[in-house]
Each structure stands twice: as structure tokens, then as C-alpha cells.
Amino acid sequence: MFISKNLGVNELGNLTIGGVDASLLAKEYGTPLYVMDEALFRDNCRRYKRAMELDYGRKGIVCYASKAFCCKEVFKILKEEGLWADVASGGELYTAVSAGFPMGKIVFHGCCKTADELTMALKNKVGRIVVDNFSELSALSEIAVEMDVSADIMLRIKPCVEVHTHELVQTGNIDSKFGFAAQTGEALEAVRLALLLRNINLKGFHCHIGSQILDTDSFVKAAEAMLLFISEVKEQLSFEAGELNLGGGFGIKYTEEDKAPEYELYINDVSARIKKLCADKGLSLPLIMIEPGRSIPAHSGITLYTAGEVKVIPEVRTYVMVDGGLTDNPRYSMYKAKYEFIAVNKASEPKSEIVSIAGKCCEKDPLGEGVKLQPVESGDIIAVLATGAFNYSMSSNYNRFPRPPVVMVRNGKARIIVKGETYEDMIRNDL
Ligand SMILES: *Cc1c(COP(=O)(O)O)cnc(C)c1O
């Protein structure tokens with residue numbers, strides 16, 4: 001009935017998440033409110049892990065891209081589930097450190113890492129640093145020499161394949177700011193340098209072609225391009241990469257219209273091609289990593305808002321105002337990203353209205369336009385579905401709105417995993 005299988009409707013006709021009545025959560029914790037379902041989050045971790053194990057045995061690693069949803073509790077869960085984790089900033093790394101996450105399972109990304117971030121990564125002995133560019137490669141070598149440690153690195157490669165997704169989240173084409181281009185000889189030059197530089201231990205290569213990709217073909221093509229690159233490097237420089245990180249980008253179903261293949265399918269299609277190419281080219285199967293971000297937490301999460309005025313502009317549109325906005329979900333403003341909306345206390349009624357959901361920021365900040373919704377009135381609770389990824393993590397304090405709390409539900413009970421901000425927090429750093 002819903003796009004997320006963890007949602008339901010109880011005997012009162014209210015929306016439930018992980019078996020908990022969403023209207024009770026709104027009452028107890030206030031709105032706006034982020035709600036995450038722990039069971040589905042863990043289930044997604046396990047599905048990825050199982051699929052990788054089935055195809056690659058011990059040579060398959062799942063590395064959660066933490067930018068999708070990052071807080072200490074998530075790192076604790078990942079640790080229990082045995083996943084690795086990506087971080088892309090000192091702040092994300094600090095969060096992982098604070099949560100006691102094993103540093104050997106951290107992959108450190110970023111296209112403009114600072115000397116401080118590189119030092120922090122080496123001090124904490126992160127598992128891999130994914131080097132994006134020549135300046136970073138030289139800087140890392142110098143810092144590692146100074147610290148008398150060795151840096152285990154991967155090089156980020158642009159495999160230069162076409163992908164079908166929003167242009168703001170395409171990251172593997174020649175025009176991308178990320179990584180070394182395979183097709184121009186730049187990447188080969190980077191390998192040559194990495195093999196020469198002191199205190200640099202080149203483990204292999206990484207690519208990430210984009211986000212919210214809904215076809216398996218793009219991933220197969222990227223894997224193919226990377227295998228050909230590995231083979232070229234072996235021929236030219238006698239270096240055979242032991243590791244290949246294929247990035248993330250697995251798309252999810254945001255609305256009824258989206259068609260998202262099951263994760264297992266991506267993994268199977270890609271592994272079949274990798275194994276065939278390894279055999280054809282005489283390569284041993286490298287350690288394969290994947291980095292799903294969005295697809296692990298997205299469906300775990302919903303956001304709850306309270307409706308304010310329902311403003312009818314005759315023959316133009318109807319606005320349903322809510323007590324949040326682009327501060328807690330900037331994705332419609334950034335990408336025109338579509339979501340499903342449900343009136344929590346009317347969840348079993350048909351969605352007979354077409355409305356725009358207006359945020360409360362001093363912008364035209366819709367959370368959706370032309371969306372289907374049950375007839376609502378001021379005071380009703382509205383849920384936005386599949387907001388577990390890139391909502392909390394992209395939230396801001398624009399208009400000095402305090403960020404909402406994040407509540408996690410498990411076995412019918414809720415607990416706060418990130419406290420809501422207060423007005424005092426809004427002036428914490430003001431002098
Ligand atoms: C964002 C990102 C991911 C995860 O992408 P999703 O679309 O969230 O799956 C993986 N790897 C890298 C390097 C990223 O930047």
C-alpha cells in the first residue's frame with residue numbers, strides 16, 4: 001500500500017512506522033520531527049552484506065556512505081552490523097571516532113581535503129584514503145613522511161560513462177570535478193606518481209558515477225571501464241590493483257511512479273561482468289567494495305509536520321503550510337525531488353486533493369508541488385515518506401530555525417538519537 005514496507009495504518013486509521021502510531025510520536029516529540037525505523041535500516045545493511053557475500057565471498061565489502069544520514073547512533077549500528085563506512089569530511093570522521101567505530105573500516109573521501117583533515121585521517125589510522133587529485137597526493141605523501149606513517153590509498157577515477165540521473169548528482173563523467181580521468185591518460189599518470197611517492201601504499205581504485213541511478217546498466221558499464229583501467233595499468237606499469245571500489249548511487253523509489261531495481265540485482269549484474277572480465281584479461285578478482293548511501297536509510301525515515309493554514313487561491317492553487325521547510329528538507333528546492341505525502345490521521349482515506357506543500361522559510365520553499373493528499377485542515381499531521389537520506393544530513397539553520405530532533409523506533413518503542421536544537425543553540429557561537 002505504501003512505498004516503504006515499514007509503514008502501515010492502525011485500527012484508528014493513523015499512519016504507523018515500525019508499528020508505532022506516527023500521531024503519537026508527533027504528540028510526544030513535537031513537529032517537525034524526523035523518525036527513523038531501526039529494523040529497516042538494519043535490514044538494508046544485511047541485504048547488501050548478504051548479496052556481496054553471495055557474489056564475492058570474503059572479497060565483498062559494503063561501505064555505508066555516511067553523508068546520507070550521519071550521527072553517532074548510525075555508526076554504532078554499522079559497527080554491530082559489520083559494515084565499513086565512508087566519511088567525506090573531518091566532521092563525519094569525528095562523529096565516527098566519537099561513536100567508537102573501528103577506524104580500520106573507514107574510507108575517507110573528499111575532493112578538497114585540507115592538511116588538517118589528512119593529518120586527522122592518518123592519526124586515526126583510517127582504513128583507506130581515497131585520493132582525488134595531484135595536489136592531495138603530494139600533500140598526503142609529505143604529511144605521511146613527516147608523521148612517519150604509511151597511507152593506504154585508493155585513487156578516485158572518472159570512468160567517463162553516461163548515467164541517467166539529475167545533473168547535480170552525476171559524478172563519473174569527464175566534466176566531473178571528482179577524480180582522475182581514465183580516458184585522457186591523467187589517471188595513469190596519477191598511478192605512476194602514487195607508486196613513486198614516499199609513504200604512499202596504493203591499494204587500488206575507486207569510482208562513483210552518481211546518485212539516485214535507477215538502471216543497472218550504468219553500474220555495469222562503470223565496472224567494465226574500471227576493469228579495463230586495471231588491466232591497462234597492469235600492462236603499462238606492472239601494478240595489479242588488489243582492490244576495486246565501485247561507489248554507490250543505487251536509486252530508491254520515492255514515489256509510486258519510480259521503478260527501482262532490487263539491490264541484489266545491481267550486485268549480481270555487476271559481479272557477473274567483473275568475473276567475466278577478470279577471466280578474459282587474466283586478472284585475479286580484486287577485493288570489491290560498494291558504497292551505498294541513500295538506499296540504506298532512505299526508506300527508514302519519514303518526517304512529520306503539523307499543517308498550518310490551508311490557503312486556497314481560487315483557480316491558482318491550494319497551499320498547505322507546514323511548520324518546517326527547506327531547512328529540514330532542501331531536496332525539492334535543490335533538485336525538484338518528488339516525495340509522497342500522507343495525512344497521518346487520515347491515512348486510510350483516499351488522496352482526493354492536489355495541493356502544494358509550502359514551507360515556512362522566507363523563500364518560496366515548497367516541499368512538493370501538485371502533490372496528492374487527503375483533505376487536510378490546520379492542525380493535521382502530515383508525513384513525508386522516504387526522508388531518511390539527505391534530509392537531516394542536509395538540514396540547515398536558515399531563518400534560525402532550530403533543527404528538529406531525530407527519533408528512532410524499534411520494537412514499538414521510540415527513543416531520541418539526535419536531540420532537537422534549542423534557541424540557545426542558535427546563538428551558541430555568537431559573540
Ligand atoms: C555520495 C557518495 C556515495 C553514496 O551515494 P548514494 O547515492 O547515497 O548511494 C558513495 N560514494 C561516494 C564517494 C559518494 O560521494
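Right above here is the structure, for reference.
Residues numbered from 1 in each chain as written. Predicted model: local features only at pLDDT ≥ 70, side-chain atom pairs only at ≥ 80, totals over all residues. Heavy atoms only, no water.

**Quick look at the site of the ligand**
- Of all residues adjacent to the ligand, which total 16 residues, the nearest are K67, S211, E291, G293 and R294.
- One nitrogen or oxygen atom from the main chain of G249 is found 2.8 Å from an oxygen atom belonging to the ligand.
- Contact between the ligand and E291: a nitrogen atom at 2.7 Å from a side-chain N or O atom of the residue.
- Contact with the protein chains covers 91% of the free accessible surface of the ligand, which is 380 Å².
- Its residues assigned to classes, the shell around the ligand shows four nonpolar, seven polar and five charged. (Near = heavy atom within 4 Å. Polar contact = N/O pair within 3.5 Å; in protein donor to acceptor, adjacent residues only side chain to side chain. Areas by Shrake-Rupley, 256 points an atom, 1.4 Å probe, with all protein chains shown as cover. Nonpolar A, V, L, I, M, F, W, Y, C, P; charged D, E, K, R; others polar.)

**Thoughts on the pattern of salt bridges**
- One pass over the full model with this rule turns up 25 salt bridges.
- For the salt bridge of E73 with R415, the shortest nitrogen-to-oxygen distance reads 2.6 Å. Of this pair, E73 sits in helix 3 (residues 72-81) while R415 is found in strand 21 (residues 413-418), placing the two residues 342 residues apart along the sequence.
- With relative accessibility at 17%, the residue E73 sits in the buried group.
- Overall, the relative accessible area of 29% leaves R415 in the partly exposed class.
- For E369, the salt bridge is made with K364, and the minimal N-O distance between the two is 3.5 Å. (Salt bridge = Lys/Arg side-chain N within 4 Å of Asp/Glu carboxyl O. Helix = DSSP H or I, 4+ residues; strand = E, 2+ residues; numbered from the N terminus. Buried < 20%, exposed > 50% of the residue type's maximum accessible area, 1.4 Å probe, protein only.)

**Digging into the sheet that holds strand 2 (residues 15-17)**
- Taking strand neighbours across the sheet as the criterion, the three strands line up as 1-2-3 in an open arrangement whose pairing is antiparallel. Sheet topology places strand 1 (7-9) and strand 3 (20-21) at the edges, where each strand pairs with a single neighbour.
- Relative to strand 3, strand 2 runs antiparallel, the two being bridged by two bridges. Residue pairing across strands places I17 opposite V20, the latter belonging to strand 3. (Pairing = 2+ DSSP bridges.)

**Let's talk about the pairing of strand 20 (residues 406-410)**
- A large share of strand 20 lies buried, amounting to four of its five residues.
- Relative to strand 20, strand 4 (residues 33-37) runs parallel, the two sharing four bridges. The partner of Y34 across the bridge, within strand 20, is V406.
- Here strand 20 pairs with strand 21 via five bridges, running antiparallel. The residue bridging R410 from the neighbouring strand is K413, located in strand 21.
- The hairpin turn running from strand 20 into strand 21, its antiparallel successor, is two residues long, and N411 in that turn takes a positive phi close to 50 degrees.

**With respect to helix 4 (residues 90-98)**
- Buried within helix 4 we find G90, E92, L93, T95 and A96.
- Along its buried surface, helix 4 packs onto helix 3, strand 6 (84-87), strand 7 (106-108) and helix 5 (115-123).
- Of the residues one or two after helix 4, G100 is the one with positive phi, at around 75 degrees. (Contact = heavy atoms within 4.5 Å.)

**Comments concerning the side chain of E291**
- Inspection of the secondary structure assignment puts E291 in the loop between strand 13 (287-290) and strand 14 (301-313).
- Each residue touching E291, except ones within four places of it in the same chain, is listed here: C63, A65, D86, V107, H109, H206, N245, G247 and G248.

**Some words on the packing of aromatic side chains**
- A full pass over the atoms with the stated rule returns 13 aromatic pairs.
- A ring pair is formed by Y34 and Y392, whose centres lie 5.8 Å apart and whose planes are at 80 degrees; its orientation type is edge-to-face. One end of the pair, Y34, is in strand 4; the other, Y392, is in the loop between strand 19 (381-385) and strand 20, with 358 residues separating them in the sequence.
- Its relative accessible area of 3% is what places Y34 among the buried residues.
- What makes Y392 buried here is its relative accessible area of 17%.
- With 4.9 Å between their ring centres and 35 degrees between their planes, F219 and F250 make a pair best called tilted. With F219 in helix 8 (residues 217-237) and F250 in the loop between strand 12 (243-245) and helix 9 (263-281), the pair connects residues that are 31 residues apart, well separated along the chain. (Phe/Tyr/Trp six-rings, centres within 6.5 Å; stacked < 30°, edge-to-face > 60°.)

**Points about helix 6 (residues 134-147)**
- Over its 14 residues, helix 6 extends 20 Å from the first C-alpha to the last, a length consistent with the 20 Å expected when each residue adds 1.5 Å.
- For helix 6, every residue scored as buried is listed here: E136, L137, L140, S141, I143 and A144.
- Here the buried face of helix 6 lies against helix 5, strand 8 (128-131), strand 9 (151-158), helix 7 (186-196) and strand 11 (200-206).
- Of the residues that open helix 6, the one with a side-chain oxygen 3.4 Å from the backbone nitrogen of S135 is N133.
- Looking one or two residues past helix 6, D148 carries a phi angle of roughly 60 degrees, positive in sign. (Expected span 1.5 Å × (residues − 1).)

**Concerning the environment of E162**
- The residue E162 is located in the loop between strand 9 and strand 10 (180-181) in this model.
- Of the residues examined, E162 reaches a relative accessible area of 63% and is grouped as exposed.

**Considering the packing of helix 2 (residues 38-56) against helix 9**
- Between helix 2 and helix 9, whose axes approach to 10 Å, the crossing angle comes to 25 degrees. Judged by the inter-axis angle, helix 2 sits roughly parallel to helix 9. As for how helix 2 packs across helix 9, the hand of that crossing is right-handed. Touching N44, R47, Y48, A51, M52, D55 and Y56 of helix 2 are Y263, E264, I267, N268, V270, S271, I274 and K275, all from helix 9.
- Tallied by class, residues from the contact of helix 2 with helix 9 come to eight nonpolar, three polar and four charged. (Axes fitted to C-alpha atoms, helices over the stretch in contact; angles between N-to-C directions. Parallel < 35°, antiparallel > 145°, perpendicular 65-115°, else oblique. Left-handed = near helix turned anticlockwise from the far one by under 90°.)

Remember that the coordinates give geometry; whether it matters functionally is a separate question.
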